[in-house]
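Chain by chain, the residues:
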Amino acid sequence: MTKALLKYKNYDVHSITTISPLGKINANIATWVMQSAMQGKFITVALYKTDYTIALVRESMILNVNLLAKDQAKKLIPKLGRKSGRTSNKFVNLPFEIDERGCPYLTEAIGYIQCRCVGCIDSGDHELFVCEVLKQKVLNPNKEVLTNDYLKAEGLVRG
């Protein structure tokens with residue numbers, strides 16, 4: 001059986017980290033992130049509507065997009081992708097720091113993009129957040145980017 005055309009695409013894997021105005025932090029896994037303006041001034045991030053992360057982003061309208069590395073896959077996919085931050089603290093034993101806005105970022109990621117959400121649109125089971133890029137920071141330039149194809153090959157996600 002031939003798979004759907006979009007199943008042929010390979011996506012980089014990210015973690016979206018955020019903080020609410022009340023200081024609640026969370027992180028999740030996201031693959032649908034793209035530059036949406038020239039010179040990298042805006043990106044668009046798709047967040048699953050039922051995730052705790054989206055609730056916090058809606059409250060604060062700030063987030064960090066962390067570009068994950070292959071060496072983070074086996075630790076982060078189960079922790080950030082299969083558990084809810086509503087019932088567990090995903091940051092326990094997770095190397096992170098806080099930026100000047102109070103928003104966490106993952107120090108073992110390749111780097112992160114500091115964002116301010118400027119708009120959103122319904123997209124079925126996801127919501128698209130258009131984000132102004134405030135800062136980009138490379139933390140670990142020699143690491144290899146984690147991709148969805150790698151996760152499938154390692155059996156960490158369904159194909």
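See above for the structure.
Notes on the structure follow. Note that this is a predicted model, so its numbers are computed, not measured.

Cut-offs and rules
- Residues numbered from 1 in each chain as written.
- Predicted model: local features only at pLDDT ≥ 70, side-chain atom pairs only at ≥ 80, totals over all residues.
- Heavy atoms only, no water.
- Core = buried A, V, L, I, M, F, W, Y, C linked by side-chain atoms within 4.5 Å.
- Buried < 20%, exposed > 50% of the residue type's maximum accessible area, 1.4 Å probe, protein only.
- Helix = DSSP H or I, 4+ residues; strand = E, 2+ residues; numbered from the N terminus.
- Contact = heavy atoms within 4.5 Å.
- Polar contact = N/O pair within 3.5 Å; in protein donor to acceptor, adjacent residues only side chain to side chain.
- Pairing = 2+ DSSP bridges.
- Axes fitted to C-alpha atoms, helices over the stretch in contact; angles between N-to-C directions.

### With respect to the nonpolar core
Judged by nonpolar contacts, the single largest core of 15 residues is most densely connected at Ile 16, Ile 43, Val 45, Leu 63, Val 65 and Cys 131. Elements supplying a minimum of two residues to this core: β4 (42-48), α1 (52-60), β5 (62-67), β8 (111-123) and β9 (126-138). The residues contacting Ile 16, other than those within four sequence positions of it, are Asn 26, Ala 27, Asn 28, Ala 30, Val 33, Val 45, Leu 47, Thr 53, Leu 63, Asn 64 and Val 65. Counting residues in hydrophobic clusters, the runner-up holds 14 residues, among them Ala 27, Ile 77, Leu 94 and Leu 106.

### Things to note about unusual backbone geometry
Glycine aside, residues mostly have negative phi, and peptide bonds are mostly found in the trans state. Of note, Gln 39 is a non-glycine position whose phi angle comes to about 60°, a positive value. Assessed through its relative accessible area of 66%, Gln 39 is described here as exposed. Unlike most non-glycine residues, Asn 93 shows phi in positive territory, near 60°. By the secondary structure assignment, Asn 93 is in the loop between α2 (73-81) and β6 (96-98). Using a relative accessible area of 66% as the deciding quantity, one classes Asn 93 as exposed.

### Some words on the environment of Ser 60
The residue Ser 60 is located in helix α1 in this model. With sequence-adjacent residues up to four places away left out, Ser 60 is seen in contact with Thr 18, Ile 19, Ser 20 and Pro 21. One polar contact links the side chain of Ser 60 to the main-chain carbonyl oxygen of Ile 19, over a distance of 2.8 Å.

### A few points about the environment of His 14
You can see His 14 is positioned in strand β1 (residues 14-19). Its relative accessible area of 8% is what places His 14 among the buried residues. His 14 has contacts with Asn 28, Ile 29, Ala 30, Thr 31, Val 33, Val 65, Asn 66, Leu 67 and Leu 68, leaving out every residue within four places of it along the chain. Among the polar contacts made by the side chain of His 14, one reaches the main-chain carbonyl oxygen of Asp 12 at a distance of 3.4 Å.

### Let's talk about the sheet that holds β5
Taken in spatial order, the 7 strands line up as β2-β1-β5-β8-β9-β4-β3 in an open sheet, and their pairing is antiparallel. Across the chains shown, the open sheet's two edge strands, defined by having one partner strand only, are β2 (25-30) and β3 (33-35). Each strand of the sheet is rotated relative to its neighbour by a mean of 30°, with strand direction disregarded. Taken together, the 6 bridges between β1 and β2 define a ladder with antiparallel strand orientation. Directly across from Ile 19, in β2, lies its bridge partner Ile 25. Running over the sheet, α2 touches β1 and β2 and is turned about 115° from β2.

### As for α1
Of the positions making up α1, those classed as buried are Tyr 52, Thr 53, Ile 54, Leu 56, Val 57 and Ser 60. Buried-residue contacts for α1 involve β1, β2, β4, β5, β8 and β9. Taken from the residues just after α1, Met 61 is the one with a positive phi, measuring 60°.

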